[in-house]
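Structure assessment
Here's the letter readout for the chains.
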Amino acid sequence: MSGKGRVSALLIAALLLLPLLPGRALALSASEILDRVDDLYRGKSSSGKMTMAITTEHWQRTLSMDMWSKGKDMSLIRITAPAKEQGTATLRVKNEIWNYLPKVNRVIKLPSSMMSASWMGSHFTNDDLVKESRFTDDYTFSVTGERKENGHTIVDITCIPKPDAAVVWGKVVVTADADEFLPLKSLYYDEDGDLARTMVFSDVQKMGDRILPLSLVIYPADKPKEKTEVHYDQINFDQDLPDDFFSLRNLQK
C-alpha cells in the first residue's frame with residue numbers, strides 16, 4: 001500500500017537536537033523532542049482559525065475553519081466558509097472519529113480504514129487533521145544528517161515505522177532547523193521506497209509564547225501541479241475547554 005498515510009501532518013514539526021551524543025543519550029533526547037514536536041500546534045489545549053487552499057488539475061477552492069484541541073485525544077474542526085460547506089465538522093475523541101454533514105443532518109462514524117482517506121478533497125488525510133498517530137508510538141528514528149546552512153544547524157531525522165504500527169508510510173524524513181527548533185520540510189515515502197509527498201513549512205511568526213510556522217504546504221509527488229496549503233490565521237494555547245466541548249452534540253452545532 002502506498003500514497004496516503006496516517007502520519008499527522010499539521011504537526012510534524014521541529015526536531016531540536018542536543019549536541020550529537022552516541023547511543024542511548026541521543027535516542028532519549030530525540031524521543032523527548034518528538035513528543036514536544038507532536039504537540040507544537042496544540043499544547044495542553046488550543047483554539048484557532050485556519051484557511052485551507054486546495055489546488056488540483058481541475059479545480060481550486062478555499063476553506064475557512066475553526067479548530068479546537070485538548071490534550072492528546074480530543075480535536076474538533078468546523079468549516080465556516082464557503083456557505084455550501086459551512087457547518088461540516090470532524091470530531092475526534094480518543095480513537096473514535098466522527099464527521100458531521102449538515103446538508104443531510106447526519107453524523108458518520110469513520111472506521112479506522114478511512115483515516116488515510118482525503119479530507120474534504122484536499123491532500124491532507126483525516127488523520128493529518130485530527131492527529132491520531134504519534135512518532136514516538138509508531139516509529140523508530142535516527143539522525144541521518146547534520147549540516148550548516150546560513151549559520152544554522154540543519155538536521156535530518158529518518159523515521160521508520162515499527163512492525164506493528166498501523167501506518168502505511170515506508171519512511172519519513174524530517175528536516176529541521178535545530179537552532180531555532182523549527183521544521184523546514186518532511187518527505188514521506190511509500191513502502192516501495194518512492195517519494196509520495198513533501199510537506200514544506202514557512203511563514204515563521206510568534207503566536208503567544210511560541211514561535212512556529214504558520215503555513216504548511218503538501219505537494220503530492222505523483223501530481224506535480226497540485227498542492228494543499230494550510231495557513232493558521234490565529235491560534236491560542238492553553239484555553240479553558242471542558243471535556244464535554246468535544247461531544248457529538250457540539251459537533252452538530
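So, a few notes on the structure that sits alongside this text. This one's a predicted model, so the numbers in the text were calculated from it and none came from an experiment. (Residues numbered from 1 in each chain as written. Predicted model: local features only at pLDDT ≥ 70, side-chain atom pairs only at ≥ 80, totals over all residues. Heavy atoms only, no water.)

What about the overall build of the protein chain?
The number of helices and strands found in the protein chain is 4 helices and 13 strands. In the protein chain, which comprises 253 residues, the share counted as buried stands at 51%. Within the protein chain, contacts between residues at least 6 apart in sequence are counted, and of these 51% link residues at least 24 apart. Accessible area for the protein chain stands at about 12,300 Å²; split by element, carbon and sulfur atoms hold 51% of it. (Helix = DSSP H or I, 4+ residues; strand = E, 2+ residues; numbered from the N terminus. Buried < 20%, exposed > 50% of the residue type's maximum accessible area, 1.4 Å probe, protein only. Contact = heavy atoms within 4.5 Å. Areas by Shrake-Rupley, 256 points an atom, 1.4 Å probe, with all protein chains shown as cover.)

So, the nonpolar core
Counting residues in each nonpolar core, the largest one holds 35 residues, and the members touching the most others are Tyr41, Met52, Trp119, Val172, Leu216 and Tyr232. Among the elements of the structure, strand E1 (45-55), strand E2 (60-70), strand E3 (74-81), strand E8 (152-161), strand E9 (171-177), strand E11 (195-207), strand E12 (210-220) and strand E13 (227-237) are those that each provide at least two residues to this core. (Core = buried A, V, L, I, M, F, W, Y, C linked by side-chain atoms within 4.5 Å.)

So, the pairing of E3
In terms of residue burial, E3 counts as a mostly covered element, since 6 of its 8 residues are buried. What sits between E2 and E3 in their antiparallel hairpin is a turn of 3 residues, with Gly71 showing a positive phi close to 60°. Bridge count for E3 against strand E4 (residues 89-93) is 5 bridges, and the pairing is antiparallel. Pairing of Met74 across the sheet is with Val93, part of E4. (Pairing = 2+ DSSP bridges.)

Observations regarding the packing of aromatic side chains
In this description, a pair of aromatic rings is defined by centroid distance and the angle of the planes. Using the criterion set out here, one finds 3 aromatic pairs in the structure. Residues Phe245 and Phe246 carry aromatic rings whose centres are separated by 5.2 Å and whose planes lie at 75° to one another, so their mutual orientation is edge-to-face. A relative accessible area of 5% places Phe246 in the buried class. Its guanidinium or amino end placed over the ring of Tyr189, Lys171 lies 4.6 Å from that ring's centre, counting from NZ or CZ. (Phe/Tyr/Trp six-rings, centres within 6.5 Å; stacked < 30°, edge-to-face > 60°. Lys NZ or Arg CZ within 6 Å of the ring centre and 35° of its normal.)

What to know about the pairing of E13
Bridge count between E1 and E13: 10 bridges; the pairing is antiparallel. In the sheet register, Met50 faces E13, and the bridge partner there is Tyr232. Where E12 lies against E13, 4 bridges are found, and the strand directions are antiparallel. Its bridge partner being in E13, Ser215 is matched across the sheet by His231.

Topic: the environment of Ser118
Counting through the fold element by element, Ser118 comes out in the loop between strand E6 (106-110) and helix H2 (126-130). Judged by relative accessible area, Ser118 falls into the partly exposed class, the value being 26%. For the pair formed by Ser118 and Asp128, sequence separation is 10 residues and the distance between their alpha carbons is 9.4 Å. Here Gly121 takes part through its backbone nitrogen, which lies 3.4 Å from a polar atom of the side chain of Ser118. Reaching out from Ser118, the side chain makes a polar contact with the backbone oxygen of Ser122 at a distance of 2.6 Å. (Polar contact = N/O pair within 3.5 Å; in protein donor to acceptor, adjacent residues only side chain to side chain.)

Thoughts on the side chain of Thr158
Turning to its location among the elements, Thr158 is positioned in strand E8. The residues contacting Thr158, other than those within four sequence positions of it, are Thr140, Phe141, Ser142, Thr144, Lys171, Val172 and Val173.

Brief notes about the side chain of Thr175
With respect to the helices, strands and loops of the structure, Thr175 is situated in strand E9. Sequence-distant contacts of Thr175, that is, excluding residues within four places in its chain, are made with Arg147, Ile154, Val155, Asp156, Pro183, Leu184 and Lys185.

Details of the environment of Ser215
Position of Ser215 among the secondary structure elements: in strand E12. Judged by relative accessible area, which is 4%, Ser215 ranks as buried. Through-space distance from the C-alpha of Ser215 to that of Asp233 is 9.2 Å; in sequence the pair is 18 residues apart. In this structure Ser215 touches Val200, Phe201, Ser202, Asp203, Glu229, Val230 and His231, once residues within four positions along its chain are discounted.

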